[in-house]
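Chain by chain, the residues run as shown.
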Amino acid sequence: MAKLFVTVLTLLFWYQVTKANAATKPNILMFVIDDLGWNDTSYKGSDIPTPTIDKFAREGIRLQQYYVQRVCSPTRSAIMAGRYPYHMGLAWAVISNGHPFGLPLNQTTIASELKKGGYATHSIGKWDLGMHKWEYTPTYRGFDSFYGYYDAAEDYFTHRVPAAAVHLGNDDDMIFNGLDFRNNTKPVTDKNGVYSTNLFTEAIEQVIEKHDTDEVPFFIYAAYQSVHAPLEAPQKYIDECQSIPYKNRRTFCGMLRAVDEGIANITMLLQAKNLLDNTIIIFTTDNGGQTREGSSNWPLRGNKATVFEGGVRGTAFVWGAKLSKLNYDNNQLIHATDWLPTIVEGIAGLELDKDKWALDGYNVWPTITSDSETPRKEILINLDPPRNDFIGQAAIRIGDWKLITGVPNCSLHRMHKGDPCPDGWIHLNGSVELPPFTPSLTWLFNITADPYERNNIADKYPDVVKQLKERIEVYNATHIKQLAPPIDLRSDPALFDDVWTPWLH
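What you see is a predicted model; the values in this text were computed from it and never measured.

Visitor: Looking at this model, I keep getting lost on helix H12 (residues 462-476). Mind explaining?
Guide: Given 3.6 residues per turn, any residue in an α-helix points the same way as the ones three and four places further on. The terminal C-alpha atoms of H12, which comprises 15 residues, lie 21 Å apart, in line with the 21 Å expected from a rise of 1.5 Å per residue. Within H12, burial applies to Val464, Val465, Leu468, Ile472 and Tyr475. Summarising the axial view, the buried residues of H12 lie within an arc of 100°, below the 170-degree limit, and thus occupy one face. Each element contacted by the buried residues of H12 is listed here: strand S17 (378-384), strand S18 (393-398), strand S19 (401-406) and strand S22 (442-446).

Visitor: Can you help me understand the state of the cysteines in this one?
Guide: In a disulfide, the sulfur atoms of two cysteines are held together by a covalent bond. Counting across every chain of the model gives one disulfide. One disulfide in the model links Cys241 with Cys253; its S-S distance is 2.0 Å. In this structure the cystine formed by Cys241 and Cys253 twists about its S-S bond by roughly -75°; its chirality is therefore left-handed. Within this pair, whereas Cys241 is found in the loop between helix H6 (235-238) and helix H7 (247-272), its partner Cys253 is found in helix H7, the two being separated by twelve residues in sequence. Just as Cys241 is buried, Cys253 falls in that class too.

Visitor: Whenever I open this one, the sheet that holds strand S10 (residues 182-183) confuses me. Can you help?
Guide: Note: strands within a sheet are paired through backbone hydrogen bonds, in either parallel or antiparallel orientation. Taken in spatial order, the ten strands make up an open sheet running S11-S10-S5-S4-S12-S1-S13-S14-S2-S15, and their pairing is mixed. At either end of the open sheet lies a strand with only one pairing partner, and these are strand S11 (186-187) and strand S15 (328-330). Here helix H5 (residues 196-210) sits on the sheet in contact with strand S4 (120-126), strand S5 (145-149) and strand S12 (218-224), set at roughly 175° to S12.

Visitor: Help me out: how do you make sense of the nonpolar core in this one?
Guide: Generally speaking, a soluble globular protein has its nonpolar side chains buried in company with each other. Within the largest apolar cluster, 58 residues are counted, with the highest numbers of intra-cluster contacts made by Leu114 and Trp339. The element contributing the most residues to this core is helix H9 (residues 339-347), with five residues. With residues up to four places along the chain from it excluded, the contact list for Leu114 reads Ile28, Tyr119, Thr121, Phe219, Ile343, Val344, Ala348 and Leu350. Grouped together as the second largest cluster of nonpolar side chains are 50 residues, Ile220, Tyr224, Phe252 and Leu269 included.

Analysis parameters
- Residues numbered from 1 in each chain as written.
- Predicted model: local features only at pLDDT ≥ 70, side-chain atom pairs only at ≥ 80, totals over all residues.
- Heavy atoms only, no water.
- Helix = DSSP H or I, 4+ residues; strand = E, 2+ residues; numbered from the N terminus.
- Expected span 1.5 Å × (residues − 1).
- Buried < 20%, exposed > 50% of the residue type's maximum accessible area, 1.4 Å probe, protein only.
- Arc of directions from axis to C-beta.
- Contact = heavy atoms within 4.5 Å.
- Disulfide = S-S within 2.5 Å.
- Pairing = 2+ DSSP bridges.
- Axes fitted to C-alpha atoms, helices over the stretch in contact; angles between N-to-C directions.
- Core = buried A, V, L, I, M, F, W, Y, C linked by side-chain atoms within 4.5 Å.

The following block contains the structure:
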């Protein structure tokens, strides 16, 4: 009996120690804003008023040399798994509903690693990392809860997703269309007509309201649908943007105003519950802005889906009341793959088996919080090997230098079929300032001296071009087949009560 009593006391002791250790760890709130451009927040001089975002950016640490991938799924996989997308077969394709692929199951996630360390983990908003099997969805990837949608884009009010046309081998095409909105794994069918930004804000607030501050810290992955197309917002938000003369930009402004209001409500709730001072806020885009849909990357070159700076240089900042160095511009190289080790090791203070997971990311928490030199010396911006009649694309940044080879703009589109994402400089009114035509498929820029990529100096520095191409070839030696399977006819929502549902087992 005495031995049993001692054992019980020991277990209680370690429970209290574990509970106390968890309680001392910071909460982590990560905002991922979809398709936010370089020139879309007023702290950077934008015409769109974003007072709450501005407040935390100005008080926090602004990441000025931070890179993402050129489109959504590759960046979200890099954030979640800490690896370059091409190492996971996800370098170029967007993971849309009906397509049987996603973030490979042999990869860890931020949520899985934090959950091991006692965190409560919640995913709210856009997933975009696979839904053909339940195992690919958030509550099977380390998240305790999920409230949101699986696809890359959907209607903000009806929460429905029309799939890409299905070519049937004749003159007929088929369009799949279904509801894509879940609370954990259960379809949400009673929110038709309610704006998704407001729904996601309310869901985040509910998580915070229910949070037991004496038990465990939380990680909230707050991936707003905004400001991705379609351009939709309640009129009251658009009315706040009447000074903007361009229609698309005005609606886009309304969408971002709703996000800014949501962040204000969330942070005020954290303050009211005495949680804000022990919360680290991370704010990031997933790629450059889509200028055809009202966004702006000015004065950077290019836009979403290009590997010019306007497509891959990301708006991002970190805020925390207890951080020792605040209110400054951090100019160290940082990449989306760095978030997993930075969050798990740097912020949460947990152990991470980086060799097991073959991470490409670095723990840059000391770099962010003290402005010390980054351990990252280079960023593989993209590696998309040739296929069919696509000639390939690669881009890398090493120090001041950036090299682009192959197709510079949309690797999802062939050059001779038009240019849906121009590689010039796009003004707020939508006009494009194109560079002089050149048949060259090699671009070299000194980003420090020429941040807007106006001067291709590849001919002037052939040795630098050679050096950077050699680094790309080193990466290319480890690439795997990139995934982009066609839509599966068995995924038709009509087979699942009009709801997009995992269809493979």
